[in-house]
Amino acid sequence: MSMEEDEEVGVGFASYNFNELGDVEVIIKTCWESVGQGRAEERLIEKWKVILDRYQEQPHLLDAAMPNLLASLLKLIRDHKTLEQLTITAVLLYHLIKVRGHKNVVRHFPHEVEDLVFVLDLLEGLEPSAAWEIKYVLILWLSIIVIIPFQMNKFDSGEKEPTANRIINICKGQMTAFDKSKDAANYLASKFLSRPDIKETHLPSFVDWALELCTTEGNRDNEITEGLTAIAAVFKHTKREDLLPYAGRILSAMTSDMLKNHHNMYVRKFTFKVVQRIGMVFLKVKVATWRYQRGSRSLAINIQGKDKDEGKTADESTSVVNIEEDEEYDVPEQVEDVIELLLAGLKDTDTFVRWTAAKGIGRVTGRLASSLADEVVSSILELFSERETDSAWHGGCLAVAELGRRGLLLPNRLAAVVKLISNALVYDERRGSCSVGSHIRDAACYVCWAFARAYDPEVLKPYIHEIATKLLVVTSFDREVNCRKAASAAFQELVGRQGTFPHGIDILTTADYFSVGQRSNAYLNISDYIAQFSDYSVPLIQHLIEKKLGHWDAAVRELAVRALGRLTSRDTDLVLKELPKMLDTCVGIDLFNSHGATLGVGQIIKSLSEIAKERSTSLTSMLRPDLLTKVENLVHNLMKGNKLRGLGGELMRGAVSEFIQNCSSAGLPISKQVLDTWQAVLFENLGDVEERIQKPTVAAMAEFTAQYYIKDDRLITFQRDQFIQQAFIMLKEHEDTRKGVALALGALHPHFIKGKEEEIIEHLIRCSRITEGTQTWGESRRDAVKALTEISKKVHPKLADETIHTVYDSFMLSLEDYTVDKRGDIGAWVREAALNGLETLTLTLLGEAPERLPVSVIQQAIPLIAQQAVEKIDRVRGLAGKIFYNLLYATDKSGKPIPGISAREELLEIFAKTPTYVKWGIESETFPLFVQLIKLPGYVERILIGLVVSVGGLTERLVKESSHSLFTLLETMPEPEIINFCNIMLKIFKDYQKVDRVSLPLLKFFDMVITSGFLEPLFENPESPFPMDLLTLCKNEISKCGDPNKLLASADIFCQLLQCEDELCRRKCLIQLAIFLCHRFPRVRKHAADKLYESILTFADKSILPEETNDEAVALLGETNWMNSSVEELKPVRNQFCVLVNIPVPQLVKKPV
């Protein structure tokens, strides 16, 4: 698509005119030019759709141009010569109809007499494979043509079937189609069968056909649906008197279980649609004079609070216009069956069906006498029963909203209705580990919205408070975003229409439709704002305690607890009144209620302590002695009731930890016995396998020890020492316990660990090391490093310089943790923690005691950080890059940088143009910068170790970016620097011999570097030791090796070394490759033969093989089946190759006994 066409696409759009009329006319004129051109045709149709789709929200702007556009498109239909021309024209016309709507467009279709024959012939001549858009457009055109005021038999000819039959056949043929043309066929049938000359001759047979289609057993679901749709369409447009003879028979068919209880939702939906229209046929067309009619609906009058009668005429009274009954007439017995079916439809399991039944109830009730209508209302209200299903409640809400919207729910019924709707607004029935009710709450909000528009403020005034409080409860605390938004919209409508809501405008400015979209904002901020108004604080708090603290969703319970903590200050007396009930709930049977109540009690205690401080009083003075005792013994009672054991024990242990944390933060006075109980529970929770239990326990341990082991700034040393000793013992247990205890030690208050700092650090350092049996304990090592970071940050002024050096050494040692297990590189967790530790400790010392920064250690640490910035894991690389940049530019209070950073000026030059928002985890941004550190002596080895792993890695993007950055740098290096580069690479190879994490990528790295051609000077110099040194290291690496990947990579290196000028090196490479030719792994044999074959041909100018036997040796390599032949079969071939290339035949060395 061209740039001009791209500019046609827009996201948001608003206009006052049809601005693209010229473009649309050009498309119509030129559409046939693109027929058969594939891509050009697609672009033209797409451009047409893009232009028209802009007007989907303002389709009326197309009306002025509609006659001309239709005339042009229909002219193309009349003048078409090929099916392709007709297809593209129909596609354009269909999209125009889709945007504006068929009812508006069809009025502009021409309906001349000659059009009838043309359209009929065209439809009948279409092939079955023709595009459905053609059929849709033509049938829709025919639906306006058939209402011409001429008898249909006037158009009959002896050559063809009667015109009426032809049209009926078209309708029947398309009604069972699987495309959009069936909708047009239904519309055509409803228009055609309502003609006076057709209804008597063809309507009976059509009804019989449709009934047979939807009642015959064995028919497909779509056939049944289309039969029902056809009947519904006919009943919508045909006169009541004409349909009465068929209504009873059709109703009898609709009452069958086959239709009303069909498994297909659409069958049931159209069944109830037909039922409601049958009911409309049985009842006379009239407007119920008893209905409630609201007068003025001016928002300005409501908001300004003007006199209700001001600006109204006598006919605009807000009372019932006429409560007298209409003239008496007999209501057919079948109407009772209709209403009974529709009431049953309100209980259907699908929302679409319930909504259809609700609309049917509204329409039928509007034609009943007031007494009968009141009976219908009573039946609907019976759906709001505890014995009914959630579907019945939802259907009842929809029906009540429909009746209210139509004025069929009289004010004398509002008291009972509002009470039921209030219950529906908070309907939430738990089923297993979830609940149902969100659709009911949403529908109840719709009822409130409908009432706002239907009733006068004076009528709703007695119920305003109840409606407002329930809506605000849903707005603030509903779990589902659609319910919160629906409640907010209903509240806004009520405030605007009724004008009698307390503090309505103030609340709307905060609790608007968009702000309630985020659940946490609704719970924590909006609810707190609303609760400042005394009218709403009590309902909000009560709802939290009664409904949300025991909610099935743990996230909702936790939010409810936090919200309750904020709302405690809004009505402290109410919270204190509810506290005893909550304490009883904590030890109740229901797990969710116990969990939420336990969290809630702790949060309330914490909030009460803050309130007590503000009021300059104490927590104990606010709580009764019996309440204090209950709160103090809560953990003991939970343990006594085995609430911390079993299936729900994990959930409750986390809640208990948070309870202890909040009580400790509040300074709740407790006895020695309770203290020991809490400490035992916390230590037990620290060893839990679940992180969601360990995390709150770590925070609780810090608050607990700071509150109860430090009295008036005086440390209780004996109890502290016992605590620390128990922690040290637990550090020697399994990994989960070590994780929790290590984090807890790191979170302890500095005053609590006074005198024990270095001992704690020593134990944490041990936990951060890899020891026998703990190789896979990556998470415990990570958490030990995290704890070490926190401890050293808090107590560094009390640490000796030697201890600080030891901490740095521990961090740097952790950067070498590359442990791998079935979870992957678990050492990455430890390295990330170590990187953060290095940054935190360094910046802390730089800001508070820069003279204590160990220069020699910093000099070692910075290159290690740089190495992590060029390794393969994005997350680690991104963190290391950011930390390296931060440390490079960090300064103390006097502006001095971190001492000990080698070549800092050169680094500043490299990173000078780096923006602060660089994404360090992105390969293309990180590698070009850090690769330049290869030129700096202090960094070259560490950078190359990291680069080796990346360049020789498996990820395509990582290999591409890292190798490109390296090769770009190598291009600028003179020969002495290349030699130094190679020597360092050989040193790395030697240092990491048999370390698969580095050695395997290193082999691939050497292959890529040699292939790039940057090492040609070393290969062309026969005196260069590099080829022989590399050969020796490769042979050592693969000795006694069973890893096929490493063997394949080494074969690549041996073949690359064949190009060197060192004759001895070439000979040894050939011997090694000859050994590979008879290796026990077929892959190795095949790969070695193929690479050797390629190398001999590629390096033909190097005279690798003797000239007289070169061709024979090459042929031997290429023609032998090295993969599928056995080793015994290949040995003679291999030996013959050795003779041809003049190297000794490999001999199997027997191991000494």
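Residues numbered from 1 in each chain as written. Predicted model: local features only at pLDDT ≥ 70, side-chain atom pairs only at ≥ 80, totals over all residues. Heavy atoms only, no water.

**Remarks on the overall build of the protein**
Counting secondary structure elements, the protein contains 59 helices and six strands. In terms of overall size, the protein is more extended than a compact globule, its C-alpha atoms giving a radius of gyration of 42 Å where 1153 residues would be expected to give roughly 32 Å. The principal-axis extent of the C-alpha atoms belonging to the protein is close to 115 × 95 × 60 Å. Per-residue burial over the protein gives 55% buried out of 1153 residues. Pairs at least 24 residues apart make up 72% of the contacts formed inside the protein by residues separated by at least 6 positions. Of the roughly 51,600 Å² that the protein leaves accessible, carbon and sulfur atoms contribute 50%. (Helix = DSSP H or I, 4+ residues; strand = E, 2+ residues; numbered from the N terminus. Rg over C-alpha atoms; globule rule 2.2 N^0.38 Å. Buried < 20%, exposed > 50% of the residue type's maximum accessible area, 1.4 Å probe, protein only. Contact = heavy atoms within 4.5 Å. Areas by Shrake-Rupley, 256 points an atom, 1.4 Å probe, with all protein chains shown as cover.)

**Section: a negative patch on the surface**
A surface patch of like charges, here negative, comprises Glu333, Glu336, Asp337, Glu340 and Glu375. Of all the elements, helix α18 (residues 334–345) adds the most residues to the negative patch, at three residues. Looking at the element boundaries, Asp337 is found in helix α18. Residue Asp337 is classed as partly exposed on the basis of its relative accessible area, which comes to 36%. (Patch = residues over 30% accessible without salt bridge, like charges linked within 9 Å, V, L, I, M, F, W, Y side chains within 5 Å. Salt bridge = Lys/Arg side-chain N within 4 Å of Asp/Glu carboxyl O. Lys, Arg positive; Asp, Glu negative; His and termini not counted. Charge placed at Lys NZ, Arg CZ, Asp CG, Glu CD.)

**A short note on the environment of Pro196**
Looking at where Pro196 falls in the secondary structure, it is placed in helix α11 (residues 196–199). As for Pro196 and Gln151, which are separated by 45 residues in sequence, their C-alpha atoms are 9.1 Å apart.

**So, the nonpolar core**
If you look at the biggest cluster of nonpolar residues, it comprises 403 residues, and the most contacted ones within it are Phe109, Met254, Trp678, Phe911 and Leu933. Sequence-distant contacts of Phe109, defined by excluding residues within four places in its chain, comprise Leu70, Leu74, Leu93, Ile97, Leu140, Trp141 and Ile144. (Core = buried A, V, L, I, M, F, W, Y, C linked by side-chain atoms within 4.5 Å.)

**Description of the packing of aromatic side chains**
Summed over all chains, the structure comprises 37 aromatic pairs. Between Phe911 and Phe930, the ring centres sit 5.2 Å apart and the planes meet at 70 degrees, which makes this aromatic pair edge-to-face. One end of the pair, Phe911, is in the loop between α47 (904–910) and α48 (923–930); the other, Phe930, is in helix α48, and 19 residues separate them in sequence. Considered together, Phe911 and Phe930 belong to a single accessibility category, that of buried residues. (Phe/Tyr/Trp six-rings, centres within 6.5 Å; stacked < 30°, edge-to-face > 60°.)

**Brief notes about the confidence of the model for the protein**
Interpreting fine coordinate detail is not advised for predicted regions of low pLDDT. On average, the protein scores 88 in pLDDT, and the residues at 70 or more come to 95%. Contacts for the low-pLDDT stretch residues 1–12, under 50 throughout, to residues beyond four places or in other chains number 13 contacts. (pLDDT = per-residue confidence, 0-100.)

**What about the pattern of salt bridges?**
Summed over all chains, the structure comprises 60 salt bridges. Asp121 is the salt-bridge partner of Lys160, the closest N and O atoms lying 2.9 Å from each other. Taken together, the positions of Lys160 in the loop between α8 (132–145) and α9 (163–175) and Asp121 in helix α7 (residues 113–124) put the pair 39 residues apart, joining distant regions of the chain. The exposure class assigned to Asp121 is partly exposed, which follows from its relative accessible area of 31%. Residue Glu650 pairs with Arg692 through a salt bridge whose shortest N-O separation is 3.5 Å.

**With respect to unusual backbone geometry**
In this structure, Asn642 takes a positive phi of about 55 degrees despite not being glycine. Summarising the element assignment, Asn642 is placed in the loop between α35 (634–640) and α36 (649–666). The backbone of Lys994 shows a phi angle near 70 degrees, a positive value even though the residue is not glycine. When you line up the elements, Lys994 lands in the loop between α51 (975–991) and α52 (996–1012). For Lys994, a relative accessible area of 43% corresponds to the partly exposed category.

**What to know about helix α25 (residues 464–477)**
The first and last C-alpha atoms of α25 sit 20 Å apart over 14 residues, in line with the 20 Å expected at 1.5 Å per residue. Among the residues making up α25, those that are buried are Ile464, Ile467, Ala468, Thr469, Leu471, Leu472, Val473, Val474, Thr475, Ser476 and Phe477. (Expected span 1.5 Å × (residues − 1).)

**Some details on the packing of α52 against helix α55 (residues 1044–1056)**
At a minimum axis separation of 9 Å, α52 and α55 run at an interaxial angle of 30 degrees. Overall, the two elements α52 and α55 adopt an arrangement that is roughly parallel. Like other packed secondary-structure pairs, α52 and α55 cross with a definite hand, here left-handed. Where α52 approaches α55, its residues Asp996, Ser999, Leu1000, Leu1003, Phe1006, Asp1007, Ile1010 and Thr1011 are matched on the opposing element by Asn1045, Lys1046, Ala1049, Ser1050, Asp1052, Ile1053 and Gln1056. By residue class, the composition of the contact of α52 with α55 is six nonpolar, five polar and four charged. (Axes fitted to C-alpha atoms, helices over the stretch in contact; angles between N-to-C directions. Parallel < 35°, antiparallel > 145°, perpendicular 65-115°, else oblique. Left-handed = near helix turned anticlockwise from the far one by under 90°. Nonpolar A, V, L, I, M, F, W, Y, C, P; charged D, E, K, R; others polar.)

**What to know about the environment of Glu458**
Secondary-structure assignment places Glu458 in helix α24 (residues 457–460). C-alpha of Glu458 to C-alpha of Leu69: the two residues are 389 residues apart in sequence and 52 Å apart in space.

**As for the side chain of Arg1066**
Within the secondary structure, Arg1066 sits in helix α56 (residues 1063–1076). In terms of polar contacts, Arg1066 uses its side chain to reach the backbone carbonyl oxygen of Cys1060, at 2.8 Å. Residue contacts for Arg1066: discarding those within four places in its chain leaves Leu1057, Leu1058, Cys1060, Glu1061, Lys1102, Ser1103 and Ile1104. (Polar contact = N/O pair within 3.5 Å; in protein donor to acceptor, adjacent residues only side chain to side chain.)

**Some remarks on the packing of helix α29 (residues 534–548) against helix α31 (residues 572–586)**
At a minimum axis separation of 11 Å, α29 and α31 run at an interaxial angle of 15 degrees. Judged on the interaxial angle alone, α31 and α29 are roughly parallel. Judged by the sense of rotation from one axis to the other, the crossing of α29 with α31 is right-handed. Residues Val538, Ile541, Gln542 and Ile545 of α29 lie in contact with α31, whose contacting residues are Leu574, Val575, Glu578 and Met582. A breakdown of the residues in the contact of α29 with α31 according to their chemical character gives six nonpolar, one polar and one charged.

**Observations regarding α18**
Under the 1.5 Å per step criterion, the end-to-end length of α18 is 17 Å for 12 residues, consistent within 8% with the ideal 16 Å. Among the residues of α18, those classed as buried are Val335, Val338, Ile339, Leu341, Leu342, Leu343 and Gly345. In this fold, the buried residues of α18 make contact with α14 (240–254), α15 (257–260), α16 (265–282), α19 (351–365) and α20 (370–381).

**Things to note about the environment of Tyr513**
Tracing the chain through its elements places Tyr513 in the loop between α27 (504–510) and α28 (519–531). Taking the C-alpha atoms as reference points, Tyr513 and Phe930, separated by 417 residues in sequence, lie 49 Å from one another.

**Some words on the state of the cysteines**
As enumerated under the stated definition, the model contains zero disulfides in all. Just so you know, Cys1055 is unpaired, no disulfide at all, and the nearest cysteine sulfur is the one on Cys1069, 8.3 Å from it. Cysteine Cys1078 remains unbridged, with the sulfur of Cys1138 as its closest cysteine sulfur at 8.2 Å. (Disulfide = S-S within 2.5 Å.)

**Section: the side chain of Arg781**
Along the chain, Arg781 falls in helix α42 (residues 778–795). A polar contact is formed between the side chain of Arg781 and the backbone oxygen of Thr774, at a distance of 2.7 Å. In this view, Arg781 contacts Cys767, Ser768, Arg769, Ile770, Thr774, Gln775, Thr776, Asp817, Thr819 and Val830; residues no more than four positions away in its chain are not counted.

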